[in-house]
Amino acid sequence: MSKTAEMADLALSLKEKGHKVINMASGELSFKPDSTVRKEACKVINRGDTLYTQVAGLYQLRSLISEKLKKDIKVDYKSDEIIVSNGGKQVIFNALQSTINQGDEVIIISPYWVSYPEIIKLCGGKPKVLHTRRQEGFSINTENLEKLITTKTKWLILNSPTNPTGVVYSFENLKKIIQVLIKYPNVWILSDDIYEKLNFSSENNLNIISIEKKLKRRSLLVNGFSKGYCMTGWRLGYGAGPKILIEAMKKIQSQSTSAANTIAQNAAIKALQLNESYFEDIKSSLIKRRTIVTSALSDLQGFSSNFSRGAFYLFPSIKAFLGKRVKGKEVIVDDTSFCLRLLSSEHVAVVPGSSFGNRGSIRISYALSEKDLRLGCKRIKDFCDRLV
Ligand SMILES: Cc1ncc(COP(=O)(O)O)c(C=O)c1O
């Protein structure tokens, strides 16, 4: 089980025992999907339009995705260059499963989303981790990136805004990455844009393919409805890429889950018709929530940071607290023991950085309500203040 799921499970079991647990571990927004989306789902059920769709998804949905990509990132994708799946996670799984041969390498950037290395390994590949540094704002060092590329490199996975740091890669950084990638035409690029709509930086819609269209023929764009549209449980994501790749992904999907859920697909048609003000509202409430957390915790050593410019995560260092203890309890030796102690004594769930490939940090999600955030921060602060 992933560390994120493990912490969430522990939090739930404490909740079941009647404790008020503040779950700052999970990666989902507390908002409901827009009412037009919810109403459409009910209509579809009541009409009974609930048979299987084409494996790649409803044609109308794919056409709207194609229009969305044209509008948002100025790249043309035809409907047969798009696949709709059960979440962005399945899109990634389909892509790697259909392309990786035993021993192929996939470069991921640490801190990384917990599922990347595991999906790569499940598909027979080898994760090659490029570490980024807090002191450098977790930007990608392209000299180090180039050193990792070998004849076995099949994919480079990029994710911005990033889970778990909230970093949005700058235009300059992406340009440098492109300069490296141009030299290696056999390396495919997976651009995980799942947090695209939750980008608070001035760098808008930065997508590597939109910056360098030459990469399109060997790139897969991954996106979905979980984050920006608050539809995590609806399980709907999509991929856009060359037809040959989409066809291979369709084969895998047809033999595993067939098409994505018909009700969710129909409702997503309404989601794609929402205008930008919908996301502006979400973004402004997230910015407010981020301020609540950063100002409540800024006194704690290692907690003040300004690199979270998207998604809904903060990734502070907890190194200053290692080797300390709450009176009478065991010493906190690493990020995992920090998180476990915080959960058991203060009933606040956060995720250890080591599950994202970065020890000595924790991931705090600020996707929850303002009231819960305030309470969670107070408990984190009390906990850290008691460590000696
Ligand atoms: C970076 C990243 N990519 C992909 C996903 C997959 O999202 P979903 O399968 O819900 O669309 C997540 C979910 O947390 C994520 O954080």
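Analysis parameters
Residues numbered from 1 in each chain as written. Predicted model: local features only at pLDDT ≥ 70, side-chain atom pairs only at ≥ 80, totals over all residues. Heavy atoms only, no water. Patch = residues over 30% accessible without salt bridge, like charges linked within 9 Å, V, L, I, M, F, W, Y side chains within 5 Å. Areas by Shrake-Rupley, 256 points an atom, 1.4 Å probe, with all protein chains shown as cover. Salt bridge = Lys/Arg side-chain N within 4 Å of Asp/Glu carboxyl O. Lys, Arg positive; Asp, Glu negative; His and termini not counted. Charge placed at Lys NZ, Arg CZ, Asp CG, Glu CD. Helix = DSSP H or I, 4+ residues; strand = E, 2+ residues; numbered from the N terminus. Buried < 20%, exposed > 50% of the residue type's maximum accessible area, 1.4 Å probe, protein only. Pairing = 2+ DSSP bridges. Right-handed = clockwise from strand over helix to strand, strands pointing away. Expected span 1.5 Å × (residues − 1). Arc of directions from axis to C-beta. Contact = heavy atoms within 4.5 Å. Domains from an automatic or database assignment. Buried area = accessible area lost by both parts, 1.4 Å probe. Polar contact = N/O pair within 3.5 Å; in protein donor to acceptor, adjacent residues only side chain to side chain. Nonpolar A, V, L, I, M, F, W, Y, C, P; charged D, E, K, R; others polar. Axes fitted to C-alpha atoms, helices over the stretch in contact; angles between N-to-C directions. Near = heavy atom within 4 Å. Left-handed = near helix turned anticlockwise from the far one by under 90°.

Draft legend 1. Main features of a positive patch on the surface. Residues Lys 32, Arg 38, Lys 39 and Lys 43 make up a contiguous surface patch of positive charge. Secondary-structure assignment places Lys 32 in the loop between strand 1 (22-23) and helix 2 (35-47). For Lys 32, a relative accessible area of 60% translates into the label exposed.

Draft legend 2. Focus on the pairing of strand 4 (residues 126-131). Across six bridges, the pairing between strand 3 (residues 105-110) and strand 4 is parallel. Paired with Ile 107 across the bridge in strand 4 is Lys 128. For the crossover from strand 3 across helix 5 (residues 115-122) to strand 4, the handedness is right-handed.

Draft legend 3. Main features of helix 2. Here helix 2 is 13 residues long and its end C-alpha atoms lie 18 Å apart, about the 18 Å a rise of 1.5 Å per residue gives. Of the positions making up helix 2, those classed as buried are Val 37, Glu 40, Ala 41 and Val 44. The buried residues of helix 2 occupy an angular sector of 100° when projected down its axis, which confines them to one face. Exposed side chains of helix 2 directed beyond 90 degrees from the buried face belong to Lys 39 and Asn 46. Buried positions along helix 2 lie against helix 10 (262-271). With its phi angle positive at about 75°, Gly 48 sits one or two positions after the end of helix 2.

Draft legend 4. Inspection of the domain arrangement of the protein chain at higher detail. Domain parsing of the protein chain yields domain 1 (3-33 + 277-386) and domain 2 (35-273). The interface of domain 1 with domain 2 comprises 32 residues on the first partner and 31 residues on the second. Taking both sides of the interface into account, the surface hidden between domain 1 and domain 2 amounts to around 2700 Å²; carbon and sulfur atoms contribute 62%. For domain 1, the biggest contributors to the area lost against domain 2 are Pro 33, Phe 279 and Phe 307; these three give 25% of the whole. Where domain 1 touches domain 2, the interface holds 15 residue pairs in polar contact (both at pLDDT 80 or more). Sorting the residues of the side of domain 1 that touches domain 2 by element identifies helix 11 (276-297) and strand 9 (313-314) as the ones contributing at least two each. Split by residue class, the side of domain 1 that touches domain 2 holds 17 nonpolar, nine polar and six charged.

Draft legend 5. Structural detail: the sheet that holds strand 4. On the basis of which strands lie adjacent, the open sheet formed by seven strands has the order 2-8-7-6-5-3-4 and mixed pairing. The sheet terminates laterally at strand 2 (82-85) and strand 4, the two strands that pair on one side only. If you compare each strand with its neighbour and ignore which way they point, the axes differ by 20° on average. Strands strand 2, strand 7 (219-224) and strand 8 (237-240) of the sheet are contacted by helix 3 (residues 59-73), whose axis makes an angle of about 115° with strand 2.

Draft legend 6. Examining the site of the ligand more closely. Taken together, 13 residues form the shell around the ligand, and within it Gly 88, Asp 192, Ser 226, Lys 227 and Arg 235 come nearest. The separation between an oxygen atom of the ligand and a polar main-chain atom of Gly 88 is 2.6 Å. Here an oxygen atom of the ligand sits 3.5 Å away from a polar atom, N or O, in the side chain of Trp 113. Protein burial of the ligand: of its 400 Å² of free accessible surface, 92% is covered by the chains. Partitioned by chemical class, the residues of the shell around the ligand number four nonpolar, five polar and four charged.

Draft legend 7. Expanded view of the side chain of Asp 104. With respect to the secondary-structure elements, Asp 104 resides in the loop between helix 4 (88-99) and strand 3. Residue Asp 104 is classed as buried on the basis of its relative accessible area of 12%. In this structure the side chain of Asp 104 is engaged in a polar contact, spanning 2.8 Å, whose partner is the backbone nitrogen of Asn 101. If we skip the residues at most four places from it in the chain, Asp 104 touches Thr 99, Gly 124, Gly 125, Lys 126, Lys 152 and Lys 154.

Draft legend 8. Summary view of the sheet that holds strand 11 (residues 351-352). The three strands lie next to each other as 9-12-11, forming an open sheet whose pairing is antiparallel. Edge strands, defined here as strands with exactly one partner in the open sheet, are strand 9 and strand 11.

Draft legend 9. Quick peek at the pattern of salt bridges. Taken as a whole and assessed by the stated rule, the structure comprises 21 salt bridges. Arg 133 serves as the salt-bridge partner of Glu 136, at 3.3 Å between the closest nitrogen and oxygen. Among the ionic contacts, a cluster of salt bridges with common partners joins Lys 68, Lys 71, Asp 72, Glu 196, Lys 197 and Glu 276.

Draft legend 10. Molecular detail of the packing of helix 3 against helix 10. The contact between helix 3 and helix 10 brings their axes to 9 Å, and the two run at 35°. In this structure, helix 3 meets helix 10 at a crossing whose hand is left-handed. When helix 3 is examined against helix 10, the residues Gln 60, Leu 61 and Leu 64 are found in contact with a partner set consisting of Gln 265, Ala 268 and Ile 269.

Draft legend 11. Focus on the side chain of Gln 253. As for its placement among the helices and strands, Gln 253 is situated in helix 9 (residues 243-256). For Gln 253, a relative accessible area of 0% puts it in the buried group. For Gln 253, the side chain forms a polar contact with the main-chain oxygen of Val 55, separated by 3.0 Å. Every residue in contact with Gln 253, bar those within four places of it in the chain, is listed here: Val 55, Ile 83, Val 84, Ser 85, Gln 90, Asn 94, Ser 258, Ala 259 and Ala 260.

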